[in-house]
Amino acid sequence: MFFQRFKSGYPRLLWVGTRIGDGSLDRTKKISLVSELRTIFETSILVVVARHDGLNMVETTALRCKMREEGACFRVVKNRLAQIALAGTAYEAIGALLKGPTAIAYSQDPVAAARVTVSQAKELGKLEILGGSLEGRELGVDGVKALASLPSLDESRAKITGLLTGPSIQIARVINVPGSQLARLLSMRPEPNQAA
């Protein structure tokens, strides 16, 4: 880098050997990005591919925040680098969706990334779902939308826990009634040799 004086007399800092805005990455950065993307594809349960054409920085930041709240992530990707990272993974089939300005939403929860992506696509109108993959099974647009309508893993666990603890709570209530009421309850039980 060096300073160059312009007609105005003020020095301007110039970087030698780079052009501003050319968007090129050097080889080490590309290798690093491919490695990061490969790790994402190997550790995620759900990957959703979307076209983000027209999203401005504020909308993208808000989308990332909503993803984070739900336990998912949103990342704009370079298509060629993402296709290299996909090679040999369970998500290799979604490489065909990587055309144009694309981004991926991914999560460890099998529903979170789909739910936020679908809701934001409806809300913003600038986000188009292209498809996705759930543990290596390819999903179309309708599959991602159907997945988004399912309850999350935590919600499902809470419902199952409620179903399992419900009978034990009822048993505890019956046991806690006064002795006379318990005796009446037991006397109402039919004898085993009586016909029902």
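Everything here concerns the structure above.
So, here's what we can say about the structure. (Residues numbered from 1 in each chain as written. Predicted model: local features only at pLDDT ≥ 70, side-chain atom pairs only at ≥ 80, totals over all residues. Heavy atoms only, no water.)

### Looking at the pattern of salt bridges
Definition in use: Salt bridge, as applied in this entry: a Lys or Arg side-chain nitrogen positioned within 4 Å of an Asp or Glu carboxyl oxygen. Counting from the N terminus, the helices are the DSSP runs of H or I reaching at least four residues and the strands are the DSSP runs of E reaching at least two. To sort residues, take the accessible area from a 1.4 Å probe on protein chains only and compare it with the maximum for the residue type: under 20% means buried, over 50% means exposed, and anything in between is partly exposed.
As enumerated under the stated definition, the model contains 7 salt bridges in all. The residue Glu128 makes a salt bridge to Arg51 at a minimum N-O spacing of 3.3 Å. Remark: Arg51 occurs in strand β3 (residues 46-51) and Glu128 occurs in strand β6 (residues 128-134); sequence separation between them is 77 residues. The exposure class assigned to Glu128 is partly exposed, which follows from its relative accessible area of 42%. Here Arg51 falls in the partly exposed class, since its relative accessible area comes to 24%.

### Section: helix α5 (residues 141-148)
Keep this limit in mind: Think of the arc as the fan of directions from the helix axis to the C-beta atoms.
Of all the residues in α5, the buried ones are Val144, Leu147 and Ala148. End-on view of α5: buried residues confined to an arc of 100°, all on one side of the axis.

### As for the pairing of β6
Keep this limit in mind: Paired strands are those between which DSSP finds at least two bridges.
Within β6, 6 of the 7 residues are buried, leaving the element largely enclosed by the surrounding structure. Sheet topology places β3 next to β6; 6 bridges connect them, and they run antiparallel. Note on β6: the bridge partner recorded for Val48 is Gly132. Pairing of β6 with strand β7 (residues 137-139), which is carried by 3 bridges, proceeds in the antiparallel orientation. Following the sheet pairing, Leu134 is matched in β7 by Arg137. From the end of β6 to the start of β7, which pair antiparallel, there are 2 residues, and Glu135 there has a positive phi angle of about 50°.

### So, the sheet that holds β3
As a reminder, the rule being used: In this analysis, axes come from line fits to C-alpha atoms, helices being fitted only over the stretch in contact, and the angle between any two N-to-C directions falls in the range 0 to 180 degrees.
Pairing is antiparallel in the open sheet, where 5 strands are placed in the order β4-β5-β3-β6-β7. Whereas interior strands pair on both sides, the edge strands pair on one side only; in this sheet they are β4 (72-76) and β7. Going across the sheet, the axis of each strand differs from the next one's by a mean of 20°, ignoring polarity. With 6 bridges joining them, β3 and strand β5 (residues 102-107) adopt antiparallel strand pairing. Of the residues in β5, the one forming a bridge with Ala50 is Ala103.

### A short note on the side chain of His52
Note the threshold: Contacts are assigned to residue pairs that have any heavy atoms within 4.5 Å of one another.
Here His52 is to be found in the loop between β3 and α2 (57-70). Not counting chain neighbours up to four residues away, the residues in contact with His52 comprise Val76, Pro101, Thr102, Ala103, Lys126 and Leu127.

### Comments concerning the nonpolar core
Stated precisely, the cut-off is as follows: What we call a nonpolar core is a set of buried Ala, Val, Leu, Ile, Met, Phe, Trp, Tyr and Cys residues that are connected through their side-chain atoms within 4.5 Å.
Ranked by size, the top nonpolar core spans 23 residues in total, and within it Leu46 and Val48 carry the most contacts. At the level of secondary structure, the elements contributing two or more residues to this core comprise β3, α2, β4, β5, α4 (112-124), β6 and α5. Here the element with the most residues in this core is α4; it accounts for 6 residues. Residues contacting Val48, with those up to four places away along its chain left out, are Ala103, Ile104, Ala105, Ala113, Ala114, Thr117, Ile129, Gly131, Gly132 and Val144. One finds Val77, Ala85, Ile94 and Ile104 within the second-largest nonpolar core, a separate group that totals 17 residues.

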